Amino acid sequence: MLIGKRLKFLSAAGLATLASNAVAEYGLNLPEPVSPVTRDIFDLHMLTAYVATVIMIIITAVVVYALWKFRKSAGYEADQNFHVSWFGKWAWVMVPVVVLGIDLSIAGKATKTFSLVEDSSDPDITLKVTGSQWKWTYDYMDDDIRLVSNLNKDIPVTDNNYLRDVDNPVILPVNKRIRFLHTATDVLHAWWVPALAYKKDSIPGYINETWAIIEKEGTYRGQCAENCGTGHAYMPIVVKAVSEDKYASWVAEQKAEKAKAMAEATSDKAWTKDELMERGKKVYMTNCVACHQSEGQGLPPAFPALKAGPITTGPVAGHIDIVVNGSKKNPVMVAWANALNDLEMAAVITYERNAWGNDTGDVVQPADVKAAR
Ligand code: HEC
Ligand SMILES: [Cu+2]
């Protein structure tokens, strides 16, 4: 009876310590979950932590008690008949039953969580998330919007969000069922935002599914969670969860911008070199910089320099060809014909031919790219 009371007190003290740790902003625990699945996973984690703590306290108490009570210096003599006593006989049954009982109570909850994890049915919004070395591309499947998200390099080392900020965050509405489709273009990546989405690998050629209902507006950060090469630390994730109204107007804005860009790209306008350089730099900084680097110096031998390169300063036709169709020697340099429109390709080629001292003076027009498609 007394032992029972003591244990109750001990475990209550243990739980209180654990709970106050979890509440304090020490960053010791997982981030606060804001989606049904992540909340279930969080609860499961807490349940396991509580169970483990209670067991640890009981075991430690028993061991300490035994060491003290049955110590040799107090003249204790080992009980030679323990195994024939009532407890000695039944302990072999009771201990496994108690252990299994604890295991099954965790497993029961885990089974529920697992079925929730797999249930990505009936989404309101489907977002395809593509990992590449080293950026994320987001396709809003219902609205035909594409975002490319790169590391924001302007954050100083001293800032809390150093290596945790991007140029284009993903915008998503609260209170909608969002299905994420995960894939990759080159190697394994994993899109992981602990507060709202659990980890599933992004695998080239396969599609994995996760889902979330974001219950609170705010900014949620995450990271690529699958070692994907030297730039692995440079592909953070930022999700901005906004109200449904704000999301709707953002979608409308993106669609209008896209329509405008398409109209521009297909018009017969002859662009000036300055216009193309300005747009080309943007396209380059979004799509090419991860491999070819900001000063065109590349990362040889994996990614060639474009500064004073044989193709970027050679015949224009060869340059257009490798950007439109990709490299025949190395599939890592993909064909950009589907990802970029004619104007964007013309602009980035013009930029590469005139930036970083590649002063070829060449101006490539969208019509030139169209002819090479
Ligand atoms: C995932 C990495 C990666 C990205 C992103 C990338 N490239 Fe490349 N690029 C390569 C590799 C690798 C090669 C070498 C291909 C070969 O050996 O044939 C290459 C070659 C090139 C070349 C030929 C360079 C030379 O002198 O051999 C050009 C031009 C080029 N890329 C332009 C671009 C443009 C424009 C973009 C963005 C729209 C881009 N690349 C994005 C990896 C990349
Ligand atoms: Cu990655």
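All values reported here derive from a predicted model rather than from experimental measurement. (Residues numbered from 1 in each chain as written. Chains lettered and ligands numbered in written order. Predicted model: local features only at pLDDT ≥ 70, side-chain atom pairs only at ≥ 80, totals over all residues. Heavy atoms only, no water.)

**Some words on the packing of aromatic side chains**
Inspection of every chain in the model, using the stated rule, returns 12 aromatic pairs. Aromatic pair Tyr 65 and Phe 70: ring centres 6.3 Å apart, planes at 80°, arrangement edge-to-face. Judged by its relative accessible area of 38%, Phe 70 is partly exposed. One aromatic cluster is present, formed by Tyr 65, Phe 70 and Tyr 76 through successive ring pairs. (Phe/Tyr/Trp six-rings, centres within 6.5 Å; stacked < 30°, edge-to-face > 60°. Buried < 20%, exposed > 50% of the residue type's maximum accessible area, 1.4 Å probe, protein only.)

**Focus on the coordination of the copper ion (ligand 2)**
Summarising the metal site, the copper ion (ligand 2) is bound by the protein donors His 189 (ND1), Cys 224 (SG), Cys 228 (SG) and Met 235 (SD), whose distances to it range over 2.0 to 2.5 Å. Given 4 donor atoms and angles of 95 to 127° at the metal, the environment of the copper ion (ligand 2) is assigned as tetrahedral. Counting residues between consecutive donors of the copper ion (ligand 2) along the chain gives the motif H-x34-C-x3-C-x6-M. Taken as a pair, Cys 224 in strand β9 (residues 218–224) and Met 235 in the loop between β9 and β10 (237–242) lie far apart in primary sequence, 11 residues in all. (Donors = N, O, S within 2.8 Å, 3.2 Å for Na, K, Ca; no water. Tetrahedral: all angles 85-135°; square planar, octahedral: opposite > 155°, others 65-115°. Helix = DSSP H or I, 4+ residues; strand = E, 2+ residues; numbered from the N terminus.)

**Remarks on the coordination of the iron atom of ligand 1**
Here the iron atom of ligand 1 is held by His 292 (NE2) and Met 333 (SD), and the distances to it run 2.0 to 2.2 Å. Considering all 6 donor atoms around the iron atom of ligand 1, angles at the metal cover 87 to 179° and the coordination shape is octahedral. Of the two residues, His 292 is situated in helix α6 (residues 289–292) and Met 333 in the loop between α7 (316–325) and α8 (342–354); the sequence distance between them amounts to 41 residues. Owing to a relative accessible area of 11%, His 292 belongs among the buried residues under this scheme. According to the relative accessible area criterion, Met 333 is partly exposed, its value standing at 22%.

**Some points on the domain arrangement of the protein**
Under the domain assignment, the protein is made up of domain 1 (2–118), domain 2 (125–256) and domain 3 (267–372). Contacts between the two partners involve 13 residues from domain 1, matched on the other side by 13 residues from domain 2. Taking both partners together, domain 1 and domain 2 bury about 1100 Å²; carbon and sulfur atoms supply 59% of that area. At the boundary of domain 1 with domain 2, the tally comes to 3 salt bridges. Put simply, Glu 215 and Arg 39 hold a salt bridge, and the shortest N to O gap is 2.4 Å. (Domains from an automatic or database assignment. Contact = heavy atoms within 4.5 Å. Buried area = accessible area lost by both parts, 1.4 Å probe. Salt bridge = Lys/Arg side-chain N within 4 Å of Asp/Glu carboxyl O.)

**Section: the sheet that holds strand β8 (residues 208–213)**
The mixed open sheet is built from 5 strands, whose spatial order is β3-β2-β1-β5-β8. Edge strands, defined here as strands with exactly one partner in the open sheet, are β3 (145–149) and β8. Averaged over all pairs of adjacent strands, the angle between strand axes in this sheet comes to 20°, irrespective of strand direction. Of the strand pairs in this sheet, strand β1 (residues 125–132) and strand β2 (residues 135–140) are connected by 6 bridges, and their pairing is antiparallel. Note that in β2 the partner of Gly 131 across the bridge is Trp 136. Helix α4 (residues 244–266) rests against β1, β2 and β3 of the sheet, and its axis sits at about 95° to β3. (Pairing = 2+ DSSP bridges. Axes fitted to C-alpha atoms, helices over the stretch in contact; angles between N-to-C directions.)

**Thoughts on the packing of helix α5 (residues 273–287) against α8**
Look at α5 against α8: their axes get within 7 Å of each other, and the N-to-C directions meet at 95°. The orientation of α5 relative to α8 falls into the category roughly perpendicular. Facing Lys 273, Leu 276, Met 277, Arg 279, Gly 280, Lys 281, Val 283 and Tyr 284 of α5, the residues of α8 in contact are Leu 343, Glu 344, Ala 347, Val 348, Thr 350, Tyr 351, Glu 352 and Asn 354. Its residues assigned to classes, the contact of α5 with α8 comprises 8 nonpolar, 3 polar and 5 charged. (Parallel < 35°, antiparallel > 145°, perpendicular 65-115°, else oblique. Nonpolar A, V, L, I, M, F, W, Y, C, P; charged D, E, K, R; others polar.)

**Some thoughts on the site of ligand 1**
Around ligand 1 sit 23 residues in total, of which Cys 288, Cys 291, His 292, Ser 327 and Met 333 are the nearest. Ser 327 is positioned such that a nitrogen or oxygen atom in its side chain is 2.5 Å from an oxygen atom of ligand 1. Considering every element that reaches the shell around ligand 1, the biggest residue donor is α7, with 3 residues. (Near = heavy atom within 4 Å. Polar contact = N/O pair within 3.5 Å; in protein donor to acceptor, adjacent residues only side chain to side chain.)

**Overview of the nonpolar core**
Considering soluble globular proteins, one finds that nonpolar side chains tend to be buried as a cluster. Counting 36 residues, the largest nonpolar core has Tyr 138, Tyr 140, Phe 180, Trp 191, Ile 214 and Val 239 as the members making the most contacts within it. Secondary-structure elements contributing two or more residues to this core are β1, β2, β3, β4 (170–173), β5 (177–184), β9, β10 and α4. No other element matches β10, which puts 4 residues into this core. Ranked by size, the runner-up nonpolar core spans 21 residues in total, among them Ile 320, Ala 337, Met 345 and Ala 346. (Core = buried A, V, L, I, M, F, W, Y, C linked by side-chain atoms within 4.5 Å.)

**Topic: the sheet that holds β4**
Within a sheet, neighbouring strands are paired by backbone hydrogen bonds and run either parallel or antiparallel to one another. If you walk across this open sheet you meet the 5 strands as β4-β10-β9-β6-β7, and the pairing is mixed. Where the open sheet ends on each side, the last strands, each with one partner, are β4 and β7 (201–202). Pairing of β9 with β10, which is carried by 5 bridges, proceeds in the antiparallel orientation. Note that in β10 the partner of Arg 221 across the bridge is Val 238. Packing of α4 onto the sheet brings it into contact with β4 and β10, and relative to β4 it is tilted by some 130°.

**Quick notes on unusual backbone geometry**
Of note, the bond from Gln 133 into Trp 134 is cis; its omega dihedral lies within 30 degrees of zero at -10°. Positionally, Trp 134 belongs in the loop between β1 and β2. A cis geometry characterises the amide bond from Pro 300 onward to Pro 301, with omega recorded as 5°. Phi is positive for Ala 308, close to 55°, though the residue is something other than glycine. Note that Ala 308 resides in the loop between α6 and α7. Unusually for a residue other than glycine, Trp 356 sits at a positive phi of about 50°.

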